[in-house]
Amino acid sequence: MATVSVMTGIAGSGRAPSARGSLLLMMVLAWVAGSVPLVGAVLDWFVTYFHEISHGLVSVATGGRVERLALLPNGSGFVLSSGGARVATLLAGYAGAFLWGALLYRLGRAGQVAGIGVALGLLAFMVLTGVAWVVPGDLGTYAILAIMMAVLAGGLWQGDRGWARNLVMFLGVYVLVRGLDLALDLHGVMGMRRLPEAARHNDAVFLAQATGVAPRVWTFAWVAFGGLVIYRLWRWAAVADARAGGSGRGPGGGPGIGPDPGPGTGTGTGTGTGTGTGTGRRRARLRVVD
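Here we summarise the structure given alongside this text. (Residues numbered from 1 in each chain as written. Predicted model: local features only at pLDDT ≥ 70, side-chain atom pairs only at ≥ 80, totals over all residues. Heavy atoms only, no water.)

## Description of the overall build of the chain
Alright, step 1. The secondary structure content of the chain amounts to 9 helices and 3 strands.
Alright, step 2. When the helices and strands of the chain are listed from N to C terminus, the series reads α-α-α-β-β-α-α-α-α-α-α-β.
Alright, step 3. Out of the 290 residues belonging to the chain, those deemed buried represent 54%.
Alright, step 4. Surface accessibility of the chain: about 12200 Å² in total, with carbon and sulfur atoms responsible for 65%. (Helix = DSSP H or I, 4+ residues; strand = E, 2+ residues; numbered from the N terminus. Buried < 20%, exposed > 50% of the residue type's maximum accessible area, 1.4 Å probe, protein only. Areas by Shrake-Rupley, 256 points an atom, 1.4 Å probe, with all protein chains shown as cover.)

Below you can see the structure in the form of structure tokens.
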């Protein structure tokens, strides 16, 4: 990816960017990359993936079962689940994506070995979720997962040059920035791109149906949480810079290496808004979680 090449060049220029400088530059690059049609489409699949697996993981953690994970060519996706805590599962999509983004950035910032380990872990997790949650025969989702895995493999191919680390950090920042943009865009506020039917099929609407609390309240809650995560990440970067200034070393014990739901995770294709219709041979109640 061109973005990773730019960040690798900066990292190899002899100057070790500060943690805050790295974070700020990656945010700018993420905003720009999201506006590039082909690049933005591939990156949006990562956002959708982390959004949907957050739904799935919370469903499983609260006693539910994931029946299907689907990723769609337009950048959206959905999860079909049965059982579990419905409200917690619906909340987890946007909130989980923010946490995934911050975690990826921090782990990547820890060092080159950590970045390689995270990239390998993501590859393994994508294989696992593909086998466990994707319906056999869903070639579209398999193809999207294969493209995402190819991106990660590309970073690992040049892992000794810091590409894997930079890629992991950039993906984390992109998930944060794009996730916040999508949350804002649920009601048409300051989005990079408008989401088709966002006002009719998204997690905020499903939560309103489940709780009686207006969709806009949930939207503002996600935006506030995303902003808080970014603020905490910035504060962590400031502390890392202060420590590096005192020791002459970058975060992770070495010189810092930095820069580096239509689309959307909120638009599902199911018509169920929380109850579903079952799977034919089974009578378990299903719900569509975008």
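## Section: the packing of helix 3 (residues 37-61) against helix 7 (residues 163-185)
Alright, step 1. Two numbers describe how helix 3 lies on helix 7: the axes approach to 9 Å, and their chain directions differ by 80 degrees. Judged by the angle between their axes, helix 3 and helix 7 are roughly perpendicular. In this structure, helix 3 uses Gly-40, Leu-43, Asp-44, Phe-46, Val-47 and Phe-50 to contact helix 7, whose residues at the interface are Phe-170, Leu-171, Tyr-174, Val-175, Arg-178, Gly-179 and Leu-182.
Alright, step 2. For the contact of helix 3 with helix 7, the residue count by class is 9 nonpolar, 2 polar and 2 charged. (Axes fitted to C-alpha atoms, helices over the stretch in contact; angles between N-to-C directions. Parallel < 35°, antiparallel > 145°, perpendicular 65-115°, else oblique. Contact = heavy atoms within 4.5 Å. Nonpolar A, V, L, I, M, F, W, Y, C, P; charged D, E, K, R; others polar.)

## Section: the pairing of strand 1 (residues 65-71)
Alright, step 1. In terms of residue burial, strand 1 counts as a mostly covered element, since 5 of its 7 residues are buried.
Alright, step 2. Inspection of the sheet shows strand 1 paired to strand 2 (residues 77-82) by 6 bridges, in the antiparallel sense. Directly across from Ala-70, in strand 2, lies its bridge partner Phe-78.
Alright, step 3. Here strand 1 hands over to strand 2 after 5 residues, with Gly-75 in that stretch at a positive phi of 100 degrees. (Pairing = 2+ DSSP bridges.)

## What to know about the nonpolar core
Alright, step 1. Membership of the largest hydrophobic core comes to 65 residues, with the highest contact counts inside it found for Phe-46, Tyr-49 and Met-148.
Alright, step 2. If one sorts the elements of this core by residue count, helix 7 sits on top with 14 residues. (Core = buried A, V, L, I, M, F, W, Y, C linked by side-chain atoms within 4.5 Å.)

## Concerning the side chain of Ser-22
Alright, step 1. By secondary structure assignment, the location of Ser-22 is in helix 2 (residues 19-33).
Alright, step 2. Overall, the relative accessible area of 0% leaves Ser-22 in the buried class.
Alright, step 3. Side chain to side chain, Ser-22 and Arg-109 meet in a polar contact 3.4 Å long. (Polar contact = N/O pair within 3.5 Å; in protein donor to acceptor, adjacent residues only side chain to side chain.)

## Points about the pattern of salt bridges
Alright, step 1. For the coordinates displayed, the defined rule picks out 5 salt bridges.
Alright, step 2. With a closest N to O distance of 3.4 Å, Arg-65 and Glu-67 form a salt bridge.
Alright, step 3. Overall, Arg-65 belongs to the partly exposed group, its relative accessible area being 47%.
Alright, step 4. Look at Glu-67 and you get buried, because its relative accessible area is 17%.
Alright, step 5. Across the pair Asp-138 and Arg-68 runs a salt bridge, and its minimum N-O distance is 3.4 Å. Note that Asp-138 is positioned in the loop between helix 5 (112-133) and helix 6 (139-157) and Arg-68 in strand 1, a separation of 70 residues in sequence. (Salt bridge = Lys/Arg side-chain N within 4 Å of Asp/Glu carboxyl O.)

## What about helix 8 (residues 203-211)?
Alright, step 1. Asp-203, Ala-204, Val-205, Phe-206, Leu-207 and Ala-208 are the residues of helix 8 that are buried.
Alright, step 2. Of the residues flanking the end of helix 8, it is Gly-212, one or two places downstream, whose phi is positive at about 85 degrees.

## Section: the packing of helix 3 against helix 6
Two quantities define a packed helix pair, namely the angle between the helix axes and the distance between the axes.
Alright, step 1. Running from N to C, helix 3 and helix 6 cross one another at 105 degrees; their axes reach a closest spacing of 10 Å. Considered as vectors, helix 3 and helix 6 are oriented roughly perpendicular to each other. Listed contacts from helix 6 to Val-42, Trp-45, Phe-46 and Tyr-49 of helix 3 are Ile-144, Leu-145, Ile-147, Met-148, Val-151 and Leu-152.
Alright, step 2. Of the residues belonging to the contact of helix 3 with helix 6, the class tally is 10 nonpolar, no polar and no charged.

## As for helix 7
Alright, step 1. For helix 7, spanning 23 residues, the distance from its first C-alpha to its last is 32 Å, which sits close to the expected 33 Å at 1.5 Å a residue.
Alright, step 2. The buried count for helix 7 comes to 23 of 23 residues, which makes it a mostly enclosed element. (Expected span 1.5 Å × (residues − 1).)

## A word on the environment of Phe-98
Alright, step 1. By the element assignment, Phe-98 lies in helix 4 (residues 86-109).
Alright, step 2. For the pair formed by Phe-98 and Tyr-174, sequence separation is 76 residues and the distance between their alpha carbons is 9.9 Å.
Alright, step 3. Among all residues touching Phe-98, those that are not within four sequence positions of it are Leu-176, Gly-179, Leu-180, Trp-222, Phe-225, Gly-226 and Val-229.

## Section: the packing of aromatic side chains
Alright, step 1. All chains considered together, the criterion is met by 7 aromatic pairs.
Alright, step 2. When the centroid spacing of 5.2 Å and the interplanar angle of 35 degrees are considered together, the rings of Phe-50 and Trp-100 count as tilted. One end of the pair, Phe-50, is in helix 3; the other, Trp-100, is in helix 4, with 50 residues separating them in the sequence.
Alright, step 3. For Phe-50, a relative accessible area of 1% puts it in the buried group. (Phe/Tyr/Trp six-rings, centres within 6.5 Å; stacked < 30°, edge-to-face > 60°.)

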